[in-house]
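# Coordinate analysis (summary)
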Amino acid sequence: LHLNCIHKHTHTPFPLPPPLPPPLPPHLSHTYTVASYLFFHFISFLLSSSLLVPISLCSIDHSHKMNSPTHEELEELDGHLHKDLITDAAFDHFGTRLATCGVDHQVIIMDLVKGQWQKSTSKGPEMNEALSRIAWCHPRFGTALAVGGLDGGVVIWREEATPGQRKETTWNKLTTVLVSGGVSDLSFAPSHMGFVLCIASRHGQVVVYTGDNVQDTVNWEGPEVSVSVGASPKLSWSKSRVWKEYLAIGCRDAEPGLALYKYNKQQREVTFIRSISKNSVTDVSFAPSMGRSFLYLAASYEDGFIRIFKLTKTTQASTGSTSAQSKTTANPTSTTSTTTTTTSPSSSTTSARKRVDQDIGGVALEIMFEQQVHKGSASRVAWDITGTLLASAGQDDRFPLYQCVEGKWELTDIQQHHHQDLQPIHQQQTQDASLMFQ
C-alpha cells in the first residue's frame, strides 16, 4: 500500500516542510508553553502549504506478487511434502510461515526466506491419527499450533528453541483435548478475547475452551462451553472489536443451516442470536472489519452457491436488549418463523437486488451477493486482508474472485486450475480444497 498525497489537485511532489520555528521569545515564555507554540507553527504550516486537499489512500501496486508458494517451489519440495492427502493449510499471523496437515499424520512447516519458500529445518509435530484441521494462534501467546484429527484428538503444540542449538527448534505438546466424532473445524478467537479455542465435531457439537495461562501448559478456565448444532459445522469468529465475541456457525444440515451466535466469557455461555440461511453450508468466513461498523459474512454451499451477507447492529443490539435471543439450551430452529429463509434459485444468474429482512436479535441481515458459481459443491471461501476481495474454491477446480465495486459485489474473475502434473493419490476420494489469502 502506498500513500499518494496530491498537492493542490496536481501530482506535484509533496511540499518540503518549512524550517524549524525560531526559539521561544523571552517575553512570551510566561504566556505560551512550548507545546502550544509548536502546535501554532504546525497549524500555520498546514494552512500555508495547502495540504487540506483530497488524499488518495491505499493505491495497490499490482506489480508485487503474493507471498504464496509457486508451482516450481512445490515441485522442488516434492520429496519433503506429504505422502498422502493434504486436508488443511494455514498461514501464520505474519504470512511468513505455512503449516499443512494431512492423513499421513504429519504437520509440515514451510518458511518464507528471502522471497523463497523453504521447508523448515525443524521437524513438525506428529500425531497418531489422520489430521483434518490446523490453526495458528496469535503470536502474543507464542508460536503455537492447534491440530485436530479425524479420530477426535486436538493437540496444541508450542515451538521452542532446542537447548544447545542456535537455529534448531522443537514442538512441545502443551495440552490435549478429546472430541467425539472427529474434528470438523477449529478456530482461535481474536487476540483481544484472550486465549480462546473453538472446536467443532463432525457430530454437531461445538465446544469453546478459554485458557488463562499458555506457558508450559494450558490452564483452562472452568468447564468448557458447548452448543449442539447440525452435522459437520464450520466456524468463523468476528474479527471486529465492535462485534466482539460473535461467532458464525454453518452446518451441512439445512436445519439450522447458517446461524449467528455470541460467546459470553464472563457468564460462560453461548447465546443464539439469529438464523441467517437455511441451506447446507460447507464453509463460512467473516471479513476483516477494517474499522467498519457492520460485518461482511461469506458462505459457500453444497449446491454451488456463494452468498455474501451484510450484518448491521440495530438500536436493540446497542442497548443490550436480549429479549429476542435464545440461550444454548433452546432450539435455534424455534425462531424460524421470523427469520429469512434463503432458497436456491433454479438459474445460476446473479441476484442483483438486495434483500433486507427484519431486525432479529438486534442484528439486521442484508444479502449483498447470491449466485450459483460452482458446478457441484463449493468448498471454501477466503477474504483478503482488507475485506474487499473474496475468493472461493469448489470441486469443479475453479477459483472465482469477487470484488466490491461502488458498494456492489460482483464476480470479477474465474481462475481454472488444471492439475495435469499434480495428480491426487486417491482419485476416487474427494476432499475440500484449502484456500487462503495472505
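Every value quoted in this text rests on a predicted model; they were computed, and no experiment measured them.

Turning our attention to the confidence of the model for the chain. The predicted model of the chain has a mean per-residue pLDDT of 75, with 66% of residues at 70 or higher. Residue range residues 1–15 is modelled with pLDDT below 50. Its contacts to residues more than four positions away, or to other chains, number 31 contacts. Segment residues 28–32: pLDDT under 50, and two contacts once partners within four positions in sequence are set aside and those in other chains are kept.

We now examine the packing of aromatic side chains. Aromatic rings in a pair are described by how distant their centres are and how their planes are angled relative to each other. Tallying each qualifying case throughout the model produces 14 aromatic pairs. With centroids separated by 6.3 Å and ring planes inclined at 65°, the aromatic side chains of Trp136 and Trp171 adopt a geometry described as edge-to-face. Here the residue Trp136 occupies a position in strand 7 (residues 131–136), and Trp171 occupies one in strand 10 (residues 169–178), the gap between them amounting to 35 residues. We note that Trp136, like Trp171, is buried. Relative to Tyr263, the ring of Trp237 lies with its centre 6.3 Å away and its plane at 75°, an arrangement referred to as edge-to-face. A residue pair is termed long-range when its members are at least 10 positions apart, and Trp237 in strand 16 (residues 234–237) and Tyr263 in strand 18 (residues 258–264) qualify at 26 residues. Tyr263 shares its class with Trp237; the two are buried. Its end group placed over the ring of Trp243, Lys313 keeps NZ or CZ at 5.3 Å from the ring centre.

A few words now on the pattern of salt bridges. Evaluation of the coordinates by the stated rule reveals 11 salt bridges. The residue Glu159 makes a salt bridge to Arg97 at a minimum N-O spacing of 2.6 Å. One end of the pair, Glu159, is in strand 9 (residues 153–161); the other, Arg97, is in strand 4 (residues 97–102), with 62 residues separating them in the sequence. A salt bridge links Glu370 to Arg307, with the nearest nitrogen and oxygen atoms 2.9 Å apart. Linking Glu370 in strand 24 (residues 363–372) with Arg307 in strand 22 (residues 305–313), this pair joins segments that are 63 residues apart in sequence. You can call Arg307 buried: its relative accessible area is 0%. Several salt bridges converge on common partners, so that one network encompasses Asp88, Arg133, Asp185, Asp283 and Arg380.

Rules and cut-offs
Residues numbered from 1 in each chain as written. Predicted model: local features only at pLDDT ≥ 70, side-chain atom pairs only at ≥ 80, totals over all residues. Heavy atoms only, no water. pLDDT = per-residue confidence, 0-100. Contact = heavy atoms within 4.5 Å. Phe/Tyr/Trp six-rings, centres within 6.5 Å; stacked < 30°, edge-to-face > 60°. Helix = DSSP H or I, 4+ residues; strand = E, 2+ residues; numbered from the N terminus. Buried < 20%, exposed > 50% of the residue type's maximum accessible area, 1.4 Å probe, protein only. Lys NZ or Arg CZ within 6 Å of the ring centre and 35° of its normal. Salt bridge = Lys/Arg side-chain N within 4 Å of Asp/Glu carboxyl O.

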